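Spelled out, the chains give:
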Amino acid sequence: MKLPLSLASLLFALLLALPLAAQQRSSFDYGLVAQEIAPGAYVIVGLREDFSFANGGNIVNTGFLVGRSGVIVIDTGPSRRYGEQMLAAIRAVTPLPVVLTLNSHHHPDHFLGNQAFPQDTLAALPDTIAGIRSEGEGFNDNMYRLNGDWMRDTEVVVPARAVMPGRQEIGGRDVELLALGGHTAADLVVVDHDSGTVYAADLMFNGRAPTTPHADIARWLGALEALARLPARLWVPGHGEVSTRLAPLHETRDYLEWLQATIRDAAEAGLDMTEVFALDIPARFSQLALVEIEFRRSVVHLFPAAEQAALARAQRD
Ligand SMILES: [Zn+2]
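Heads up: these notes are all about the structure in this document. Being a predicted model, the structure only gives us computed values, none of them experimental.

1. Brief notes about the overall build of the chain
Scanning the chain for helices and strands turns up 8 helices and 12 strands. In summary, the chain has a C-alpha radius of gyration of 21 Å against a globular reference of 20 Å for 317 residues, a match within 12%. Overall, the chain is about 65 × 65 × 35 Å in size when its C-alpha atoms are taken along their principal axes. Put simply, the chain has 317 residues, and 51% of those count as buried.

2. A look at the pairing of strand β12 (residues 234-239)
Burial within β12 is extensive, with 6 of its 6 residues counted as buried. As defined by bridge partners, strand β11 (residues 197-205) adjoins β12 across 5 bridges and the pair is classed as parallel. The residue of β12 that forms the bridge with F205 is H239.

3. A few points about the coordination of the zinc ion
Donor atoms from the polypeptide that coordinate the zinc ion comprise H105 (NE2), H107 (ND1), H183 (NE2) and D202 (OD), at 2.1 to 2.2 Å from the metal. Between the donor residues of the zinc ion, the gaps in sequence give the motif H-x1-H-x75-H-x18-D. Of this pair, H105 sits in the loop between β5 (98-102) and α3 (108-111) while D202 sits in strand β11, and the two are 97 residues apart along the sequence. The class of H105 is buried, set by a relative accessible area of 0%. The class for D202 is buried, based on a relative accessible area of 1%.

4. Regarding helix α5 (residues 217-228)
Residues that lie three or four places apart on an α-helix share one face, since the helix turns once every 3.6 residues. In this model, α5 (12 residues) spans 16 Å end to end at C-alpha, consistent with the 16 Å of a helix rising 1.5 Å per residue. Among all positions of α5, only I217, W220, L221, A223, L224 and L227 are buried. Take α5 and look down its axis: the buried residues cluster within an arc of 155 degrees, on one side only. Packed against the buried residues of α5 are β9 (173-180), β10 (187-192), β11, β12, α6 (247-268) and α8 (291-316).

5. Structural notes on the sheet that holds strand β4 (residues 71-74)
Read across the open sheet, the 7 strands follow the order β1-β2-β3-β4-β5-β6-β7; overall the sheet is mixed. Each having just a single partner strand, β1 (35-38) and β7 (161-162) make up the two edges of the open sheet. Taken together, the 4 bridges between β4 and β5 define a ladder with parallel strand orientation. Looking across to β5, one finds that I74 is bridged to L102.

6. Looking at unusual backbone geometry
With a phi close to 45 degrees, F28 is a non-glycine residue in the positive phi region. Within the secondary structure, F28 sits in the loop between α1 (2-27) and β1. On the accessibility criterion, F28 (4% relative accessible area) is buried. Non-glycine residue D153 carries a positive phi angle of around 65 degrees. Along the chain, D153 turns up in the loop between α4 (126-147) and β7.

7. With respect to the packing of aromatic side chains
Counted by the stated rule, this structure contains 9 aromatic pairs. Look at Y255 and F285: their rings are 5.3 Å apart centre to centre, the planes differ by 80 degrees, and that puts the pair in the edge-to-face class. Remark: F285 occurs in the loop between α7 (273-277) and α8 and Y255 occurs in helix α6; sequence separation between them is 30 residues. Of the two residues, Y255 and F285, both sit in the buried class. Between W258 and F295, the aromatic rings sit 5.3 Å apart at their centres with planes inclined by 40 degrees, giving tilted as the arrangement. A residue pair is termed long-range when its members are at least 10 positions apart, and W258 in helix α6 and F295 in helix α8 qualify at 37 residues. On the accessibility criterion, F295 (1% relative accessible area) is buried. An aromatic cluster of at least three residues, connected via ring pairs, comprises F28, Y30, Y82 and W150.

8. Let's talk about the packing of α6 against α8
At their nearest, the axes of α6 and α8 sit 8 Å apart, and the two run at 50 degrees to each other. Comparing the axis directions of α6 and α8 gives the class oblique. Here α6 runs over α8; the crossing is right-handed. Note on element contacts: α8 touches α6 through V291, E294, F295, S298, V299, L302, F303, A306, E307, A310 and R313, opposite Y255, W258, L259, T262, I263, R264, A266, A267 and E268.

Conventions adopted
- Residues numbered from 1 in each chain as written.
- Predicted model: local features only at pLDDT ≥ 70, side-chain atom pairs only at ≥ 80, totals over all residues.
- Heavy atoms only, no water.
- Helix = DSSP H or I, 4+ residues; strand = E, 2+ residues; numbered from the N terminus.
- Rg over C-alpha atoms; globule rule 2.2 N^0.38 Å.
- Buried < 20%, exposed > 50% of the residue type's maximum accessible area, 1.4 Å probe, protein only.
- Pairing = 2+ DSSP bridges.
- Donors = N, O, S within 2.8 Å, 3.2 Å for Na, K, Ca; no water.
- Expected span 1.5 Å × (residues − 1).
- Arc of directions from axis to C-beta.
- Contact = heavy atoms within 4.5 Å.
- Phe/Tyr/Trp six-rings, centres within 6.5 Å; stacked < 30°, edge-to-face > 60°.
- Axes fitted to C-alpha atoms, helices over the stretch in contact; angles between N-to-C directions.
- Parallel < 35°, antiparallel > 145°, perpendicular 65-115°, else oblique.
- Left-handed = near helix turned anticlockwise from the far one by under 90°.

Spelled out as structure tokens, the structure:
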């Protein structure tokens, strides 16, 4: 009896899954909409979700700036398909050539659309290039597992060019490239002085818990201080809605400070990882999307080092 039953349920599951798979295959349309948030400054806002077969990895904000003579692309999204659809969204706005395609950092949702853009325009900070080179293939494999067939034919393309930080005219646009870090080893921020828009990449999250797989929180907090001093009118976070106010920056800082203190205190108190998972997350963070899962991930990322630091302090004292 056991085998026919499980066979029947397997067949039933297949019957349910087939129309869904066929529907996905026929579309694979991210439905990208480029919003002009200031003259010549655009953003494509992603969902405040985790990677999934349903969203195809469209959980990230990308953007572009249209100057007098060319377009600057800021991040290329999670897949070849996304990159192609992003380029189509750019073409719906302007026929000007893409003159610079930036990867803000080496996380997969920010660079796996690189294939769609002119290869000689791809550029990033040196540590980002090194990160894509060493971790890109692993990220790409993992993105197939998380997002399924949306990722088809996506290949890692490593930017050949290192960006030069500083204020400069690119494509007829007055921009400043800031080499910061803390979310990863290298986080590139783009300041568009023509419109006062800051593309803060994953140094800033809005309404979504920050991710920390490569984080150095002390350095990240320093980068947020530098951002707070910028003469900005509009903030584009790496994830979440665009803001006219500094609130997302304060929110990101508040969460990171709490996370850092919580993990340090837990290590000092000799808790084990299971006990840290069970700690309460303050009510003021409950509106952050994915806060429970990101807190657990952050404990996995950050707690072992905190334990070692606590042990070293105990041995010294
Ligand atoms: Zn990131």
